[in-house]
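# Coordinate inspection notes
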Amino acid sequence: MSKPVPRPGILDIAAYVPGKEHAPGVARVYKLSSNETPLGASPKAIEAFKAAAGNLERYPDGQALELREAIASVHGLNPANILCGNGSDELLGLLCHVYLGPGDEGIITEHGFLVYKIQIMGAGATPVVVKEKNHTVDVDAILAAVTDKTKIVFIANPGNPTGTYIPVSEIRRLQAGLPKHVVLVLDAAYAEYVRRNDYESGIEVVSSNANVVMTRTFSKAYGLAALRVGWMYAPVEIIDALNRVRGPFNMNAPAIAAGAAAIRDQSFVQEAVSFNQMWIEKLTSAFEAIGLKVTPSVANFVLIHFPETDGKRAADADEFLTSRGYILRAVRSYGFPNSLRMSVGPEEANHGVIEALGEFMGRKA
C-alpha cells in the first residue's frame with residue numbers, strides 16, 4: 001500500500017450532515033433546522049459556566065460527579081447508574097464500540113436518528129433497517145427482524161425527525177420480546193417536551209431490566225447544545241463496561257458545572273416546555289389551514305409534508321423560505337424527500353414562517 005487505508009467498511013459510511021445555518025444575502029436569519037430551544041440556557045447555567053472559567057488550567061473531574069449527582073437528585077436515581085458524556089452522541093458510540101463487532105447486527109428504524117447507523121457501521125457491524133408504521137416505531141417489525149446476530153436495538157422515543165412516540169406499554173412489550181443479551185437503547189433526547197399520560201422516558205424500564213439503557217441530552221430543552229452534555233441511565237454492569245473504554249476526561253469542566261446548574265433549575269425548563277407546547281399546536285394548526293400535512297409531534301419540531309406538485313415541493317419551499325431568512329431542515333436523508341422539519345423558534349420566526357408558507361402555498365395563513 002502506498003498510503004494509509006481505513007479498515008473495510010469505514011468509507012462506506014455516509015458522514016452526518018447537520019442542518020444548514022446560513023442564508024447568503026439575507027440580513028436577518030432564523031435557524032430553525034437543529035431543534036435548538038429559542039429560550040436559550042438557564043441564567044443559572046450561564047453563571048456556572050462563567051465561574052468555571054477561573055480554573056481552566058485544571059483537568060475536569062473525570063467522573064463528572066457534580067453533574068451525575070444533580071441528575072440523580074432531580075430524577076430520583078442512583079448516581080452509580082448514570083454515565084455522562086460529550087453529548088448523547090458519544091454515549092451511543094460507546095455502546096456500539098463495546099457491544100458490537102464484525103458479524104453482529106444492530107436494528108434501527110427507517111426514520112431513526114442517522115447517528116445510529118453511523119455508529120453501528122463504525123463498529124464493523126451491520127445495520128438492519130425496519131419499517132415504521134405511520135411514521136412511528138413498529139414494535140412487531142423490530143421483533144420480526146431479530147436474528148441470532150442481533151446485539152443492539154436503537155429506538156428514538158420521541159422520534160426525530162417525525163416527532164411521534166410509542167407508549168411505555170409498547171416499550172415494555174419490545175423489551176419482553178427481545179433476547180436477554182440484546183441491548184435495548186431508548187434515546188429520549190426530547191423527553192422533556194412530551195406531555196402524554198402513556199409516555200415514559202425509560203427510567204422505569206431501565207430500573208427493572210438488565211438489558212435496557214436510556215440516553216438523554218442537555219442540548220434541547222436545557223439549551224446547552226454548544227457544550228455537548230449528555231447522560232445515560234443504565235444497569236451498573238453496562239456503565240462499568242463503557243467506563244473501561246471511555247476517555248478519562250470526556251467532559252469539560254464548564255459543561256459539567258453548567259449542566260448541574262441547568263438541571264437544578266427546573267422552573268426554567270418548564271417555561272421552555274410551556275412555550276414549546278403552545279407553539280407546536282399553533283404551528284400545526286396554521287400549516288394545516290394553508291393545505292399542508294403535518295405529522296403530529298410531541299417534541300419541539302414539526303415535520304411538514306408538501307404537495308407532489310411542480311413548484312410546491314419541499315425543495316421549492318426550502319428555497320423560498322431560505323431567501324426570506326428562515327432555515328428549515330431538509331430531511332431527504334431520513335426518508336422524507338418531500339418534507340421539511342421546522343424547529344419551534346422565537347415568536348417572530350414562527351409567525352414569519354407561517355406567513356411565508358401561506359404566501360408560498362397561495363393561501364392566507
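Not measured: the values here are computed from a predicted model. (Residues numbered from 1 in each chain as written. Predicted model: local features only at pLDDT ≥ 70, side-chain atom pairs only at ≥ 80, totals over all residues. Heavy atoms only, no water.)

### A word on the sheet that holds strand S4 (residues 126-130)
Read across the open sheet, the 7 strands follow the order S2-S8-S7-S6-S5-S3-S4; overall the sheet is mixed. Only two strands of the sheet have a single partner each, and these edge strands are strand S2 (82-86) and S4. The sheet shows a mean angle of 25° between the axes of neighbouring strands, taken without regard to direction. When strand S3 (residues 105-109) meets S4, the two strands line up parallel, connected through 5 bridges. Across the sheet, residue Glu 105 finds its bridge partner in S4, namely Thr 126. The strands touched by helix H8 (residues 236-243) within the sheet are S2, strand S7 (212-217) and strand S8 (229-233), with S2 carrying the most contacts at an inclination of about 35°. (Pairing = 2+ DSSP bridges. Helix = DSSP H or I, 4+ residues; strand = E, 2+ residues; numbered from the N terminus. Axes fitted to C-alpha atoms, helices over the stretch in contact; angles between N-to-C directions. Contact = heavy atoms within 4.5 Å.)

### Let's talk about the UniProt feature "domain: Aminotransferase class I/classII large" (unreviewed entry) in the chain
Annotation from UniProt places "domain: Aminotransferase class I/classII large" (unreviewed entry) at residues 29-357. Strand forms 17% of residues 29-357 and helix 40%; the C-alpha atoms that close the span are 16 Å apart. (UniProt positions renumbered as here; feature names shortened; annotations may be inferred.)

### Side note on the pairing of S2
Burial within S2 is extensive, with 4 of its 5 residues counted as buried. One ladder, built from 5 bridges, connects S2 with S8; its direction is antiparallel. Its bridge partner being in S8, Ile 82 is matched across the sheet by Tyr 233. (Buried < 20%, exposed > 50% of the residue type's maximum accessible area, 1.4 Å probe, protein only.)

### Quick look at empty space enclosed by the protein
Per the stated rule, a full pass over the model turns up 2 cavities of 30 Å³ or more. Forming the walls of the largest cavity are 15 residues, and the residues nearest its centre are Glu 132, Val 137, Ala 156, Gly 159 and Thr 162. Classifying every residue of the lining of the largest cavity by side-chain character gives 4 nonpolar, 10 polar and 1 charged. Quantified by volume, the second largest cavity comes out at close to 50 Å³. Surrounding the second largest cavity, Thr 37, Pro 38, Leu 39, Tyr 193, Ala 272, Phe 275, Asn 276, Asn 300 and Val 344 form its lining. Looking at the lining of the second largest cavity residue by residue, the class counts come to 6 nonpolar, 3 polar and no charged. (1 Å grid on protein atoms, 1.4 Å probe; cavity = no way out; pocket = protein on both sides within 12 Å on 5 of 7 lines; lining within 4 Å. Points joined across faces, edges and corners; volume = space filled by probe spheres on them. Nonpolar A, V, L, I, M, F, W, Y, C, P; charged D, E, K, R; others polar.)

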